[in-house]
Amino acid sequence: MIRFEHVSITYTDHTQPILRDINLQLDEGELVLVVGRTGSGKTTLLQAINGLVPHFTGGTLSGRVLIDGRDTRTHPPRDLADLVGVVPQDPASAFVADTVEEELAFGMECLGLSSDVMRRRVEETLDLLGLNELRYRPVMSLSAGQQQRVAIGAVLTSHPKVLVLDEPTSALDPAAAEEILSALQRLVHDLGITVVMAEHRLERVIQYADRVIIVPGDAQPLVIGTPQEMMREAPIAPPVVELGRIAGWNPLPLSVRDARRVAGPLRALLIGQDPPQRVNSHGDSTAELVQAQNLTIRYGQHVALKDVSLQVHSGEVIALMGRNGAGKSTLLNAIVGLRAATAGTVTTQGADPRSLKGTDLLARVGLVPQTPGDLLEATSVAAECRAADRDAKVDPGTTRELLTSLASEIGDDTHPRDLSEGQRLLLALAIVLAAQPPVLLLDEPTRGLDYPTKIRLVDVLRNLAQAGHAIILATHDVELAAGVATRVVVLADGEVVADGETAAVVVASPMFAPQIAKILAPYPWLTVSDVVNSIGPVILRSHAPTSGEAFT
Amino acid sequence: MKAALACGNLAHARWLHPGAWWVWALGLAAAASRTLNPILLVLIIAVAAVVVAARKPDAPWARSFVFFIKLGIAIIVIRVGIQILFAAALGTTTLFTLPSLALPSWMAGVRLGGAVTLESILIAFYDGLRLATIIICIGAANSLASPSRLLKSIPAALYEVGVSVVVALTFTPQLVADVTRVQSARHLRGRVTKGPRAIAGAAMPVLEGALERSVTLAAAMDSRGYGRRNANSAAQQRLAAVLLIGGLMCACFGTYGLVAAGSPWLLSTPMLAVGLLASLIAITWSAKSAIRSRYRPDPWWLPEWLISLSGVFAAGTFLIATWLVPLQMTTPSDPPTWPALPILAVLGLAIALTPAFIAPPLPRVFIALPRAVSAEIEVAA
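Note that this is a predicted model, so its numbers are computed, not measured.

Parameters at a glance
Residues numbered from 1 in each chain as written. Chains lettered and ligands numbered in written order. Predicted model: local features only at pLDDT ≥ 70, side-chain atom pairs only at ≥ 80, totals over all residues. Helix = DSSP H or I, 4+ residues; strand = E, 2+ residues; numbered from the N terminus. Rg over C-alpha atoms; globule rule 2.2 N^0.38 Å. Buried ≥ 20, exposed ≤ 12 C-beta atoms within 10 Å, placed from the backbone. Contact = placed C-beta atoms within 7 Å. Domains from an automatic or database assignment. Core = buried A, V, L, I, M, F, W, Y, C linked by C-beta atoms within 7 Å. Pairing = 2+ DSSP bridges. pLDDT = per-residue confidence, 0-100. Axes fitted to C-alpha atoms, helices over the stretch in contact; angles between N-to-C directions. Parallel < 35°, antiparallel > 145°, perpendicular 65-115°, else oblique. Nonpolar A, V, L, I, M, F, W, Y, C, P; charged D, E, K, R; others polar. Expected span 1.5 Å × (residues − 1).

### Quick notes on the overall build of chain A
Okay, so step 1: Along chain A, the regular secondary structure elements total 23 helices and 19 strands.
Okay, so step 2: For 552 residues, the compact-globule estimate of 2.2 N^0.38 gives 24 Å, and chain A sits close to it at 24 Å.
Okay, so step 3: Overall, chain A is about 70 × 55 × 50 Å in size when its C-alpha atoms are taken along their principal axes.
Okay, so step 4: Per-residue burial over chain A gives 53% buried out of 552 residues.

Here you go:
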């Protein structure tokens, strides 16, 4: 279906190719997962499939890419539209029409299909993706998960044989991500569509993949294999695989279900063990830094927060969880003074954030927004750091020093737009930290981050908490929450529905439990390192079942 | 035609072709432009309001009618106000006298204040009311016909223009969202969020964001097949577009010439004819060469005929009435007289009111329940 023959791609202004001499053959009805660090060339590989590279992006492509026999050199993207459907990273940015139904029909109109065919396919697609109730809704009024499904539906109506998705679940809450993945699963199994998908959140998708392509970056050759083969050696792996590797399980489990079936002996080891305590690392001398009292915030008719009360102490790391649109961002915005309370109060260190300006605000509370790039407006990293020093009225060089401690590899002359997603996040973090705010807020910090950057972020956050900062993360990433949070607050429809110690809140929850907790339930161990710390890798391994036992 | 009549079940809920509403509203506006009789003008507004109330969909763009009413009132107030303050008094029935200001000799002819007569106020009021009525008719079309559906039914030769307008319309709210986001970011960095410096600081990121978004959108549209066409037809398409725009402009000038009093109709009639012909050729031509098709195009069935003809009928009765009973159509204000009620024009308006009853009812729009609620229902079931 998809064939790459000796493909090398070099962008204009670059001396080195981003991908070199790639040979690849993907068959019909395969679900292929593309993984790799940010900037490794994943997106380039995906875009080469429908000819966006090089027709749209520029650069040179040598060798050839054949899609069902059509050569992308002679077929620009619009002539492959009936064969390849592309869903971009941010589906909302690609919507053309204003209602769901018209959006689904747009591609077919461009192909010139007859109107009874269009009508039939729209109805089929609405049913296939469970969109029927949304058909007359404006696309912009939908939630992120619904938009993602509409974007998939919009390319499906052209009946493509290949579906290309760039990080389809990165912006979604766990439930919405499940919905998308099961829809894709159905397409692969029932319609025989070839799905090529890039995704950083391996723990969500690895179990569905038929093959995995690792793009190592720096024009190194691709590594291709089945998920089992790949996960045995891969430097990055979801927690279930990590646990399986340490425990020596064979075959290596990829899903929670498989792992749970072989984890019986391991669970037996945990009986009577003290579960790991996630204590406030700052010790007992904690001060109350943020206080929200019966906070209610309304936008017009819509109530974003209802009667929320929350106290945050120094040294705490709070994970704020809940579905898209539950009010997480609104709460963070209220704490930093971007939103006025309709009723109730919110104070940080005794002051109303709405009344604070300039350095008074910066020295109390800092927020790294969902798109950290919003904070950056200078033309170089050095200028950005100098501006941050001025804003915070601190000694020149403070921000750069902080940045060096977070990410020493970021050069002074780089334009902030040329940084990777993760580097931009760390730069924004350094800018926010320049004024030493005791309260640090992060909105979806791991969106689009690869594993190595995520591990680095976890370290940074732990150190900050140890130094006495109070940190609140709004996140969908259950593994991140399990890794750093001392406390989890779950919001639903603007109300606090759970607030407590991490393990107590997440272990019993089907949506927010991390993989390890699901495998080991009812025992409250949340991460691989917790398990290793409690039992020790040697004992763990000695209790591994042999492959014969595992599935009997 | 027979099939079209058969399909046009009046009771069947569907969206009326937006073109039909526009023809109806323009007919009313044309009628309004022919009269200075306040009773007729108020009747026209009433007809428009009743039809809007009966067939207005529940959508953001449909709420604009109230805005147009307010605009109409503002027009009348301004028109009368200008008359009172600046214009020379007509007639003899002085209502009151404003303190007048003696102006220097080089401004002779301009008057400030002075006597205010009933006659001049009436003239200004009728004049303002006429303009307000025309504006309100346009407003009625605006809130009855969805702008995006209207764009969808523009001829294939202008398809590219139509898509650009739709995309621009969806872009604007996103740009507003961008501005808010950038302002929030400035707040987070402890900088000023108001004033010229803030605008200068925000301009760059907002423009960059918009540029990035348009590149993404262009890539997405290209990937979905936008701009696919038959070989060799690019030049033809361009020619068709030029022909269509030129033809429409020609037709516009011609129509103006016909409607405006005092222009040579010997020139304007051929102009209108040539313009219409050119547009027609362009439309059929580009419909042949384009590959793209249209999803659920709005049909033009019996209700569309009836509704657009009712507007045209009203305009026709007004035209005939001005010819038959010119004095009843323009209410003399010097000396002030009671306006008459020309039966023919009222009959025309009665016909123009029928869309309130004969237009197909609006389809019910299903709004999905929030996820939490539907989950509860599932659990309960």
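From this point, the discussion proceeds with the structure in view.
### Points about the overall build of chain B
Okay, so step 1: Each helix and strand in chain B was counted, giving 15 helices and 2 strands.
Okay, so step 2: Counting every position in chain B, which comprises 381 residues, the buried fraction comes to 33%.
Okay, so step 3: When contacts within chain B are restricted to residue pairs at least 6 apart in sequence, those whose partners lie at least 24 apart make up 79%.

### So, the domain arrangement of chain A
Residue and element names in this part refer to chain A.
Okay, so step 1: Assigned domains within chain A: domain 1 (2-235), domain 2 (237-276 + 525-552) and domain 3 (288-520).
Okay, so step 2: Placing the centre of domain 1 and that of domain 3 at their C-alpha centroids yields a distance of 31 Å.
Okay, so step 3: The interface is formed by 16 residues belonging to domain 1 together with 16 residues belonging to domain 3.
Okay, so step 4: With 3 residues, helix H6 (residues 174-191) is the largest single contributor of residues to the side of domain 1 that touches domain 3.

### What about the nonpolar core?
Okay, so step 1: The biggest cluster of nonpolar side chains holds 191 residues, and the ones touching the most others in it are Val34(A) and Val506(A).
Okay, so step 2: Considering each element in turn, this core owes the most residues, 9 residues, to helix H16 (residues 421-433) of chain A.
Okay, so step 3: Sequence-distant contacts of Val34(A), defined by excluding residues within four places in its chain, comprise Lys42(A), Leu45(A), Leu46(A), Val196(A), Met197(A), Ala198(A), Ile213(A) and Val215(A).
Okay, so step 4: Val52(B), Ala124(B), Ala132(B) and Leu349(B) belong to the second largest nonpolar core, which has 49 residues in total.

### Let's talk about the pairing of strand S7 (residues 162-166) of chain A
Residue and element names in this part refer to chain A.
Okay, so step 1: By the criterion of burial, S7 is predominantly enclosed, with 5 of the 5 residues buried.
Okay, so step 2: Burial of S7 is two-sided: the residues Val162, Val164 and Asp166 facing one way and the residues Leu163 and Leu165 facing the other way are all buried.
Okay, so step 3: For strand S6 (residues 84-87) and S7, the ladder comprises 4 bridges, and the chain directions are parallel. Within S7, the residue paired with Val87 across the bridge is Leu165.
Okay, so step 4: The pairing of S7 with strand S8 (residues 194-198) spans 5 bridges and is parallel.

### Digging into the pairing of strand S1 (residues 2-10) of chain A
Okay, so step 1: Here S1(A) pairs with strand S4 (residues 60-67) of chain A via 7 bridges, running antiparallel. Residue pairing across strands places Thr10(A) opposite Thr60(A), the latter belonging to S4(A).

### Observations concerning the confidence of the model for chain B
Residue and element names in this part refer to chain B.
Okay, so step 1: On average, residues of chain B carry a pLDDT of 81, and 85% of them reach 70 or more.
Okay, so step 2: Across chain B, element-level confidence peaks in helix H3 (residues 38-55) with a mean pLDDT of 95 and bottoms out in helix H15 (residues 371-380) with 35.
Okay, so step 3: Note on residues 366-381: pLDDT under 50 across the span, and 7 contacts to partners over four residues away in sequence or across chains.
Okay, so step 4: Scored as a whole, the predicted complex attains pTM 0.77, and scored at its interfaces, ipTM 0.83.

### Side note on the sheet that holds strand S16 (residues 439-443) of chain A
Residues and elements named next belong to chain A.
Okay, so step 1: Within the open sheet, the 6 strands sit side by side as S15-S16-S17-S13-S18-S19. Their pairing is mixed. If you trace the sheet from one side to the other, it starts and ends with strand S15 (365-368) and strand S19 (495-501), each paired once. Neighbour-to-neighbour, the strand axes of the sheet open up by a mean angle of 15 degrees, direction not taken into account.
Okay, so step 2: Bridge count for strand S13 (residues 317-321) against strand S18 (residues 487-492) is 4 bridges, and the pairing is parallel. Across the sheet, the residue bridging to Met321 is Val490, located in S18.
Okay, so step 3: Sheet strands in contact with helix H17 (residues 451-466) are S13, S16 and strand S17 (470-474), and its direction is about 145 degrees off that of S17.

### Structural notes on the packing of helix H2 (residues 18-33) of chain B against helix H11 (residues 302-324) of chain B
Residues and elements named next belong to chain B.
Okay, so step 1: Contact pair H2 / H11: the axes reach a minimum separation of 8 Å and the direction vectors enclose 10 degrees. Taken together, H2 and H11 sit at an angle that is classed as roughly parallel. Residues Ala20, Val23, Trp24, Ala25, Leu26, Gly27, Leu28, Ala30 and Ala31 of H2 lie in contact with H11, whose contacting residues are Glu304, Ile307, Ser308, Ser310, Gly311, Val312, Ala314, Ala315 and Phe318.
Okay, so step 2: For the contact of H2 with H11, the class distribution of residues is 13 nonpolar, 4 polar and 1 charged.

### Regarding the interface of chain B and chain A
Okay, so step 1: With 39 residues of chain B at the contact, the number on the chain A side is 48 residues.
Okay, so step 2: Of all the secondary-structure elements, those providing two or more residues to the side of chain B that touches chain A are helix H7 (159-188) and helix H8 (196-223) of chain B.
Okay, so step 3: Residues that form the side of chain B that touches chain A fall into these classes: 18 nonpolar, 11 polar and 10 charged.

### Section: H3(B)
Okay, so step 1: Helix length check: H3(B), at 18 residues, gives a terminal C-alpha distance of 26 Å against a target of 26 Å (1.5 Å per residue), a fit within 8%.
Okay, so step 2: Within the span of H3(B), buried status applies to Leu40(B), Leu41(B), Leu43(B), Ile44(B), Ile45(B), Val47(B), Ala48(B), Val51(B), Val52(B) and Arg55(B).

### With respect to unusual backbone geometry
All names here are of chain A.
Okay, so step 1: The omega angle of the peptide bond from Val53 to Pro54 is 5 degrees, so this bond is cis rather than trans.
Okay, so step 2: Along the chain, Pro54 falls in helix H2 (residues 52-55).
Okay, so step 3: One non-glycine residue, Lys393, adopts positive backbone phi at about 55 degrees.
Okay, so step 4: Relative to the assigned elements, Lys393 resides in the loop between helix H14 (381-392) and helix H15 (398-406).
Okay, so step 5: Even without a glycine there, the phi angle at Glu444 is positive, about 50 degrees.
Okay, so step 6: Overall, the presence of 22 C-beta atoms within 10 Å leaves Glu444 in the buried class.

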